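Remarks on the overall topology
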Amino acid sequence: PPLGYFFCVCVSSPLRYVFHCLQESVMDRWPDNDMVRTRVVSSFFFLRLVGPAVIKPRLFHLVTDQPSENAQRSLTLIAKCIQNLANLVEFGAKEPFMGCVNPFIRSNRQKMIQFIDQLSNVPHCPASTVGTGVGVARELATIHRLCFTHLPAIRKKQDGDKSGDLRKLIAVTEMISTREVTHR
């Protein structure tokens, strides 16, 4: 299978179903414009999800340290390239220094359209995981990982916490972390 297939599998089925519904809605409204079908999904997916992760990888726990200033600039330029490819538009007069990327955009435009179609290929609403505990368990595990990752910063703020909530959060995070280590 193409690489896009593996990437699509990582995106939740409910979100992919929303993308499918978006595509159907815009095609009902603009049936003669195939590009709008791609752009409605790509603008949401890349502008709101992928782009921010590329620009601020530390916020998404993709890296542990803040990228250097040069690396941050490179990440911003990479995000611009991805976004333009996702929007199926080339760089123009506004950013002439980015014109060197236009051949890449032209040669990958069709692959992007295929990827977006594949990403949106969930025509039926997936079964809900509400009530099964799977979604809740995953969310709680994510919250724990965030608390554990930022435990030193939480400890620093503990003194200013009048309610004692941070003290409880620290205690629970440490207790879960200790049990997690003993059960590996």
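Notes on the structure in this doc start here.

Basis of the calculations
- Residues numbered from 1 in each chain as written.
- Predicted model: local features only at pLDDT ≥ 70, side-chain atom pairs only at ≥ 80, totals over all residues.
- Heavy atoms only, no water.
- Helix = DSSP H or I, 4+ residues; strand = E, 2+ residues; numbered from the N terminus.
- Expected span 1.5 Å × (residues − 1).
- Bend = angle between axes of the 7 residues up to and from the residue.
- Buried < 20%, exposed > 50% of the residue type's maximum accessible area, 1.4 Å probe, protein only.
- Contact = heavy atoms within 4.5 Å.
- Axes fitted to C-alpha atoms, helices over the stretch in contact; angles between N-to-C directions.
- Left-handed = near helix turned anticlockwise from the far one by under 90°.
- Core = buried A, V, L, I, M, F, W, Y, C linked by side-chain atoms within 4.5 Å.
- Patch = residues over 30% accessible without salt bridge, like charges linked within 9 Å, V, L, I, M, F, W, Y side chains within 5 Å.
- Areas by Shrake-Rupley, 256 points an atom, 1.4 Å probe, with all protein chains shown as cover.
- Salt bridge = Lys/Arg side-chain N within 4 Å of Asp/Glu carboxyl O.
- Disulfide = S-S within 2.5 Å.
- Phe/Tyr/Trp six-rings, centres within 6.5 Å; stacked < 30°, edge-to-face > 60°.
- Parallel < 35°, antiparallel > 145°, perpendicular 65-115°, else oblique.
- Nonpolar A, V, L, I, M, F, W, Y, C, P; charged D, E, K, R; others polar.
- Polar contact = N/O pair within 3.5 Å; in protein donor to acceptor, adjacent residues only side chain to side chain.

Moving on: helix H5 (residues 102-119). For H5, spanning 18 residues, the distance from its first C-alpha to its last is 24 Å, which sits close to the expected 26 Å at 1.5 Å a residue. Along H5, the largest kink reaches about 50° and is centred on Asn-108. The complete set of buried residues in H5 reads Asn-102, Ile-105, Asn-108, Met-112, Ile-113, Phe-115, Ile-116 and Leu-119.

Okay, the side chain of Asn-84 next. Following the sequence through the fold, Asn-84 ends up in helix H4 (residues 69-87). Among all residues touching Asn-84, those that are not within four sequence positions of it are Val-89, Glu-90, Phe-91 and Ile-105.

With that out of the way, let us pick up the packing of helix H2 (residues 13-29) against helix H3 (residues 34-55). Running from amino to carboxyl end, H2 crosses H3 at an angle of 145°, the nearest separation of the two axes being 8 Å. The handedness of the crossing between H2 and H3 is right-handed. Where H2 abuts H3, its residues Leu-15, Phe-19, Leu-22, Gln-23, Val-26 and Met-27 lie against Asp-34, Val-36, Arg-37, Val-40, Val-41, Phe-44, Phe-45 and Leu-49.

What follows covers the nonpolar core. Within the largest apolar cluster, 24 residues are counted, with the highest numbers of intra-cluster contacts made by Phe-45, Phe-46, Met-112, Phe-115, Ile-116 and Leu-119. Secondary-structure elements contributing two or more residues to this core are H2, H3, H4 and H5. Of the residues forming this core, the biggest block, seven residues, is contributed by H3.

This paragraph deals with a nonpolar patch on the surface. A cluster of nonpolar side chains, Leu-59, Phe-60, Leu-62 and Val-63, forms an exposed patch at the surface whose accessible area comes to about 400 Å². Checked against the element boundaries, Leu-59 lands in the loop between H3 and H4. Residue class for Leu-59 comes out exposed when judged on its relative accessible area of 64%.

Examined against the element boundaries, Asn-108 turns out to sit in helix H5. Each C-alpha atom of the pair Asn-108 and Ala-86 lies 9.7 Å from the other, and the pair is 22 residues apart in sequence.

The next point concerns the state of the cysteines. Inspection of the entire model under this criterion finds zero disulfides. The closest cysteine sulfur to the non-disulfide-bonded Cys-81 is located on Cys-100, 7.4 Å from its own sulfur. Residue Cys-100 is classed as exposed on the basis of its relative accessible area, which comes to 65%.

For the coordinates displayed, the defined rule picks out five aromatic pairs. Their ring planes at 85° and their centres at 5.9 Å tell us that Phe-19 and Phe-45 sit as a pair that is edge-to-face. Here Phe-19, found in helix H2, pairs with Phe-45, found in helix H3; they are 26 residues apart in sequence, far enough to count as distant. A relative accessible area of 0% places Phe-19 in the buried class. A residue is classified by how much of its surface remains accessible, and Phe-45, at 4% relative accessible area, is buried. Pairing Phe-45 with Phe-46 gives two aromatic rings, centres 5.1 Å apart and planes at 85°, and the pair type is edge-to-face.

A few words now on the packing of H3 against H4. Running from N to C, H3 and H4 point in directions that differ by 170°, and their axes come no closer than 9 Å. Regarding the angle of H3 to H4, the classification is roughly antiparallel. On H4, the residues touching Arg-39, Ser-42, Ser-43, Phe-46, Leu-47, Gly-51, Val-54 and Ile-55 of H3 are Gln-72, Leu-75, Thr-76, Ile-78, Ala-79, Ile-82, Gln-83, Ala-86 and Asn-87. Partitioned by chemical class, the residues of the contact of H3 with H4 number nine nonpolar, seven polar and one charged.

Moving on to H3. Helical geometry: 3.6 residues make up each α-helical turn, so side chains three or four residues apart lie on a common side. The terminal C-alpha atoms of H3 lie 29 Å apart, and with 22 residues this matches the ideal 32 Å at 1.5 Å per residue to within 8%. At Phe-46, H3 is bent by approximately 40°, the largest bend along its length. All buried positions along H3 are accounted for by Val-36, Arg-37, Thr-38, Val-40, Val-41, Ser-42, Phe-45, Phe-46, Val-50, Gly-51, Ala-53 and Val-54. Its side-chain oxygen placed 3.1 Å from the backbone nitrogen of Met-35, Asn-33 serves as the N-cap of H3.

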